[in-house]
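A structural walkthrough
Okay, here's what each chain looks like letter by letter:
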Amino acid sequence: MCRSVGRVSVQAVRRRRLEPDARREQILSVAIRLFGAKPYAEVSTTDVARDAGVARGLVNHYFGTKKDLYLEVVRVMLTVPDVALSQLPQGELSERASSIVNWFLDVVSRHSTSWLAATGAGGMADAEVHEVIAEAVDHAASGVLQALGSDDPTPALRAMTRAYVGLAIWTAQEWLQRGVLTRDQVHSLLTVSLLAMVEQVFPQA
């Protein structure tokens, strides 16, 4: 019994030492894993709280409802962080394009299960989920344009880049989910397509 109390005490100390931001990230990390492994309907906030080692009320405190938590998971899995853009090389266009695609493929392969669940909306047909996906695609398009040095794109350029992001998502699914394409084939397709869009299509837009 004393040993059990000791373990609880250690866990309590660890919980107290976690800053609010770190605790939120811990919960989100668990949610990403669980929603990636199971359909939306089979995951509860109780499951998330248990695996994160926190009270269920804390999950609700940081994220609200189960649906709100899921929307945040989808947003995180599909949004390109600003720090990733700042780390891209500043060399030739072909080098930047290759780096953008490599970064994308690294991320989706590292979190393939969760990413595939997010891009497929986890089997959840919901307007808010699709709105989050659309916002993430728009944000990704802005990131691509920024990485390519286009600071003030026209609506047409933004639309073309959103279409390219859609191509990237579908192509990655062919690789990760269906196993039809290899990573090298996906990298070649996306890099060449991006360069062709910038060099041949953008000037006409």
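Here the structure is a predicted model, which is why all the values come from computation and not from measurement. (Residues numbered from 1 in each chain as written. Predicted model: local features only at pLDDT ≥ 70, side-chain atom pairs only at ≥ 80, totals over all residues. Heavy atoms only, no water.)

**Quick look at the nonpolar core**
Where a protein is soluble and globular, its nonpolar side chains tend to be buried together. Formed by 60 residues in total, the largest nonpolar core has its most connected members in Phe35, Val48, Phe104, Trp115 and Leu194. With 10 residues, the single largest contributor to this core is helix H9 (residues 127-147). A domain-level breakdown of this core finds at least three residues from each of domain 1 (20-76) and domain 2 (80-204). Residues within four places of Trp115 in sequence aside, it is in contact with Met77, Leu78, Phe104, Val108, Ile169, Ala172, Gln173 and Leu176. (Core = buried A, V, L, I, M, F, W, Y, C linked by side-chain atoms within 4.5 Å. Buried < 20%, exposed > 50% of the residue type's maximum accessible area, 1.4 Å probe, protein only. Helix = DSSP H or I, 4+ residues; strand = E, 2+ residues; numbered from the N terminus. Domains from an automatic or database assignment. Contact = heavy atoms within 4.5 Å.)

**Quick notes on the packing of helix H7 (residues 93-110) against helix H10 (residues 155-176)**
Where H7 contacts H10, the axes come no closer than 11 Å and their chain directions differ by 45 degrees. The orientation of H7 with respect to H10, classified from their angle, is oblique. Considering how the two elements wind past one another, H7 and H10 form a crossing that is right-handed. Contacts between H7 and H10 involve Val101, Phe104, Leu105, Val108 and Ser109 on the former and, on the latter, Tyr164, Ala168, Ile169, Ala172, Trp175 and Leu176. Residue classes in the contact of H7 with H10 are distributed as 10 nonpolar, 1 polar and no charged. (Axes fitted to C-alpha atoms, helices over the stretch in contact; angles between N-to-C directions. Parallel < 35°, antiparallel > 145°, perpendicular 65-115°, else oblique. Left-handed = near helix turned anticlockwise from the far one by under 90°. Nonpolar A, V, L, I, M, F, W, Y, C, P; charged D, E, K, R; others polar.)

**A closer look at the side chain of Gln173**
With respect to the helices, strands and loops of the structure, Gln173 is situated in helix H10. Setting aside anything within four residues of it in sequence, one finds Gln173 in contact with Trp115, Leu116, Thr119 and Arg178.

**Focus: the UniProt feature "DNA-binding region" (unreviewed entry) in the chain**
Mapped onto the present numbering, the UniProt feature "DNA-binding region" (unreviewed entry) falls at residues 44-63. Within the segment residues 44-63, helix and strand shares are 80% and 0% respectively, and the terminal C-alpha atoms sit 13 Å apart. (UniProt positions renumbered as here; feature names shortened; annotations may be inferred.)

**Details of the pattern of salt bridges**
Tallying each qualifying case throughout the model produces 11 salt bridges. The partner of Asp51 in a salt bridge is Arg50, with the nearest N and O atoms 3.5 Å apart. In this structure Asp51 comes out as partly exposed when scored by relative accessible area, which is 34%. A salt bridge links Asp106 to Arg183, with the shortest nitrogen-to-oxygen separation between them at 2.8 Å. Of this pair, Asp106 sits in helix H7 while Arg183 sits in helix H11 (residues 183-201), placing them 77 residues apart in sequence. Each of Arg24, Glu25, Glu72 and Arg75 takes part in a single network of salt bridges with overlapping partners. (Salt bridge = Lys/Arg side-chain N within 4 Å of Asp/Glu carboxyl O.)

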